[in-house]
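What follows is each chain in one-letter form.
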Amino acid sequence: MSSLNHCIKFDLDIKEKNIVFKAYFYKMVQMKKHKIYEAELIQPACPYCGSLALLHNGHLVTNIRYLTANASLPVIIRLAKQRVKCRACDHWSMAQSELVNKYCSISNASKLKVLSALTEDRSMTSIARENNVSINTVQRVLGNCSHRFIDSYEYLPAHLAFDEFKGVDRQLHFICLDGDSHQVVQILRTRYKKTLLKYFGRFSPQARANVRTVTMDLNFYYQDIVRACFPNAQIVIDRFHMIQMLTRSFNSLRVQVMKTFDKRSRQYQLLKSPWKLYLKKFDELEKVHPRYNWHYKDCLTQAQVVTEGINTSTALENSYNLMQSFIQAVETGNTHELKSLINCQDQIGTLMHKTLLTFKHNLTAVLNGAALPYSNGCLEGFNRKIKQIERTAFGYSNFTNLLTRIRLEEDLYKEKEPNSLLMTA
């Protein structure tokens, strides 16, 4: 065998013995320079009976796209496959190789490189351009991964987190994460109660009894699903959503009180321009170094601004003190203080009163949120990652493709079994 064949095989990292390279040259194909390798694929024995007595009857030439380090110089292997007839069993056959699948012109190495690129936050167009294949080829590689993600209905993690995100056609899809390992348990097309009950009803009673906590926002029917499907689970309201509801209620009251004053008055300016200070924890406000502000034309510290602003209304002051105490109680896990704050009878804003009433209706779950260490923080971070995937692709119209891309970027694909994927691509 010639040294040219060894050199080309070493350069392309091809180890198959039945492929013999004969020459290479450069050629313009569709106004683009290509590097062409000419090779022959030998059929050493009959695939039916194993006989070596073969009658050669020409070749089938196939142009195979192969991966390259230089995307501006595509590589094509012009492979001549031997067509033979067995003298022993009279069967006709054609030489096949692991380099490429039957009836395919994209090499398996290129498909693996495309699959590796799909695990990164990149668009299909850039992946296709880098690997000198069409976008449809990238989509086919992505589609052939979907069958690898098969659900098991015999196990559920002890700690779950429920939420939803906007996906295909701006619909809300349900997502469930493992609260400990932060891995995706399932993503469903819809978040309807009927769909969730049907899905979790498929799990065995032992798997559903294994669930100890379910963390969620204040979505009312999520709690009904937990009570119906998980007999031993505690409902945990996410701490972020509780504080968010309370701060939004206070902010609404601040705007309402601000509009009662004249726009040129000092009280209006104290409540309007430094609005972000009212949402921070009071302990984090600057209390030593005053700064001049041209809105209210005075030199005050951040703590003085907030104190003077909330003193403009009794309801605003009570609401602010309640919000600060609530945040501190949640951070320290003081459930007794939290319970007394929820049952507060002070004069507060209407929206904040409704928020406290909501907390009172979900008192056990709210107290669990402060006492237990579990939250939806991991789920909110994963939803942010999903938004980035959708933004990179300018949106998805196929839910299966979106789900597969999410799970690929979650590194659930195992490269130990590439052959089963490539046989279908």
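All values reported here derive from a predicted model rather than from experimental measurement.

Some words on the overall build of the chain
Line of reasoning, step 1. Scanning the chain from N- to C-terminus turns up 17 helices and 12 strands.
Line of reasoning, step 2. The C-alpha atoms of the chain give a radius of gyration of 32 Å, which is well past the 22 Å a tight globule of 425 residues would have.
Line of reasoning, step 3. For the chain, the C-alpha atoms occupy an extent of roughly 100 × 60 × 35 Å along the three principal directions.
Line of reasoning, step 4. By residue count, 46% of the 425 residues in the chain fall in the buried class.
Line of reasoning, step 5. Within the chain, residue pairs in contact and separated by at least 24 positions form 60% of the contacts whose partners lie at least 6 positions apart.
Line of reasoning, step 6. Looking at the chain as shown, the accessible area adds up to about 22900 Å², and 51% of this sits on carbon and sulfur atoms.
Line of reasoning, step 7. Seen as two clouds, the 57 positive and the 37 negative side-chain charges of the chain have centres 7 Å apart.

Concerning the pattern of salt bridges
Line of reasoning, step 1. Counting across every chain of the model gives 12 salt bridges.
Line of reasoning, step 2. In this structure, D298 and R266 form a salt bridge, with 2.9 Å as the shortest nitrogen-oxygen distance. Remark: R266 occurs in helix α9 (residues 266-272) and D298 occurs in strand β12 (residues 298-300); sequence separation between them is 32 residues.
Line of reasoning, step 3. Since its relative accessible area comes to 29%, R266 is described here as partly exposed.
Line of reasoning, step 4. For E331, the salt bridge goes to K281, with nearest N and O atoms at 3.0 Å. Of this pair, E331 sits in helix α11 (residues 314-332) while K281 sits in the loop between α9 and β11 (291-293), placing them 50 residues apart in sequence.
Line of reasoning, step 5. A relative accessible area of 52% places E331 in the exposed class.
Line of reasoning, step 6. K281 gets classed as partly exposed once you look at its relative accessible area, which sits at 27%.
Line of reasoning, step 7. Three or more residues joined by partner-sharing salt bridges are found here, namely E120, R122 and E130.

Considerations on the domain arrangement of the chain
Line of reasoning, step 1. When its domains are assigned, the chain resolves into domain 1 (3-105), domain 2 (159-238 + 375-412) and domain 3 (239-371).
Line of reasoning, step 2. Using C-alpha coordinates to define each centre, domain 1 is positioned 47 Å away from domain 2.

With respect to the sheet that holds strand β7 (residues 172-178)
Line of reasoning, step 1. Read from one edge of the open sheet, 5 strands run β8-β7-β6-β9-β10, paired in mixed fashion. Each end of this open sheet is capped by a strand with a single partner; those strands are β8 (184-188) and β10 (234-237). Geometrically, the sheet is characterised by an average inter-axis angle of 20 degrees between neighbouring strands, direction not taken into account.

Some thoughts on the packing of aromatic side chains
Line of reasoning, step 1. For the coordinates displayed, the defined rule picks out 18 aromatic pairs.
Line of reasoning, step 2. Ring plane angle 90 degrees and centroid distance 6.3 Å describe the contact between F174 and F200, whose orientation is recorded as edge-to-face. Residue F174 is found in strand β7, and its partner F200 is found in helix α5 (residues 193-201); the two are separated by 26 residues along the sequence.
Line of reasoning, step 3. A relative accessible area of 0% places F200 in the buried class.

Re the nonpolar core
Line of reasoning, step 1. Counting residues in each nonpolar core, the largest one holds 63 residues, and the members touching the most others are F162, F200, V214, F230 and F326.
Line of reasoning, step 2. Element by element, the count of residues in this core is highest for α11, at 8 residues.
Line of reasoning, step 3. Residue contacts for V214: discarding those within four places in its chain leaves L160, F162, V226, F230, A233, Q234, I235 and V236.
Line of reasoning, step 4. With 31 residues, the next largest nonpolar core counts I8, L41, I127 and A128 among its residues.

Looking at the packing of helix α2 (residues 108-118) against helix α4 (residues 135-143)
Line of reasoning, step 1. At a closest axis distance of 10 Å, the pairing of α2 and α4 adopts a crossing angle of 75 degrees. In terms of orientation, α2 and α4 fall into the roughly perpendicular class. Mapping the contact onto sequence places K111, V114, L115 and L118 in α2 and V138, V141 and L142 in α4.
Line of reasoning, step 2. Classifying every residue of the contact of α2 with α4 by side-chain character gives 6 nonpolar, no polar and 1 charged.

With respect to the pairing of β10
Strand residues, when the strand is regular, have side chains that alternate between the two faces of the sheet.
Line of reasoning, step 1. Of the pairings in the sheet, the one linking strand β9 (residues 213-216) to β10 comprises 4 bridges and is parallel in character. Each bridged residue has a counterpart across the sheet, and for M216 the counterpart in β10 is I237.
Line of reasoning, step 2. For the crossover that starts at β9, traverses helix α7 (residues 220-229) and ends in the parallel β10, the hand is right-handed.

Observations regarding the UniProt feature "domain: Transposase IS204/IS1001/IS1096/IS1165 DDE" (unreviewed entry) in the chain
Line of reasoning, step 1. Look at the UniProt record and you will see "domain: Transposase IS204/IS1001/IS1096/IS1165 DDE" (unreviewed entry) annotated at residues 161-406.
Line of reasoning, step 2. Spanning residues 161-406, this segment combines 54% helix with 13% strand, and its end C-alpha atoms are found 17 Å apart.

What to know about the side chain of E390
Line of reasoning, step 1. Its place among the elements puts E390 in helix α15 (residues 377-392).
Line of reasoning, step 2. Buried charge without a partner: E390 forms no salt bridge, and the closest opposite charge is R391, 7.7 Å away.
Line of reasoning, step 3. Contacts of E390, omitting those with residues within four sequence positions, involve F165, K166, G167, G395, Y396 and L402.

Regarding helix α3 (residues 124-131)
Line of reasoning, step 1. Among the residues of α3, M124, I127, A128 and N131 are the ones counted as buried. All buried residues of α3 lie within an arc of 95 degrees about the axis, which places them on one face of the element.
Line of reasoning, step 2. Each element contacted by the buried residues of α3 is listed here: α2, α4 and α16 (399-409).
Line of reasoning, step 3. Backbone geometry just after α3 places N132 at a positive phi near 55 degrees.

Notes on unusual backbone geometry
Line of reasoning, step 1. In the Ramachandran plot, Y103 falls in the positive-phi region, its phi being about 65 degrees despite a non-glycine side chain.
Line of reasoning, step 2. For K297, which is not a glycine, the phi torsion comes out positive at approximately 50 degrees.
Line of reasoning, step 3. Turning to its location among the elements, K297 is positioned in the loop between β11 and β12.

Procedures and definitions
Residues numbered from 1 in each chain as written. Predicted model: local features only at pLDDT ≥ 70, side-chain atom pairs only at ≥ 80, totals over all residues. Heavy atoms only, no water. Helix = DSSP H or I, 4+ residues; strand = E, 2+ residues; numbered from the N terminus. Rg over C-alpha atoms; globule rule 2.2 N^0.38 Å. Buried < 20%, exposed > 50% of the residue type's maximum accessible area, 1.4 Å probe, protein only. Contact = heavy atoms within 4.5 Å. Areas by Shrake-Rupley, 256 points an atom, 1.4 Å probe, with all protein chains shown as cover. Lys, Arg positive; Asp, Glu negative; His and termini not counted. Charge placed at Lys NZ, Arg CZ, Asp CG, Glu CD. Salt bridge = Lys/Arg side-chain N within 4 Å of Asp/Glu carboxyl O. Domains from an automatic or database assignment. Pairing = 2+ DSSP bridges. Axes fitted to C-alpha atoms, helices over the stretch in contact; angles between N-to-C directions. Phe/Tyr/Trp six-rings, centres within 6.5 Å; stacked < 30°, edge-to-face > 60°. Core = buried A, V, L, I, M, F, W, Y, C linked by side-chain atoms within 4.5 Å. Parallel < 35°, antiparallel > 145°, perpendicular 65-115°, else oblique. Nonpolar A, V, L, I, M, F, W, Y, C, P; charged D, E, K, R; others polar. Right-handed = clockwise from strand over helix to strand, strands pointing away. UniProt positions renumbered as here; feature names shortened; annotations may be inferred. Arc of directions from axis to C-beta.

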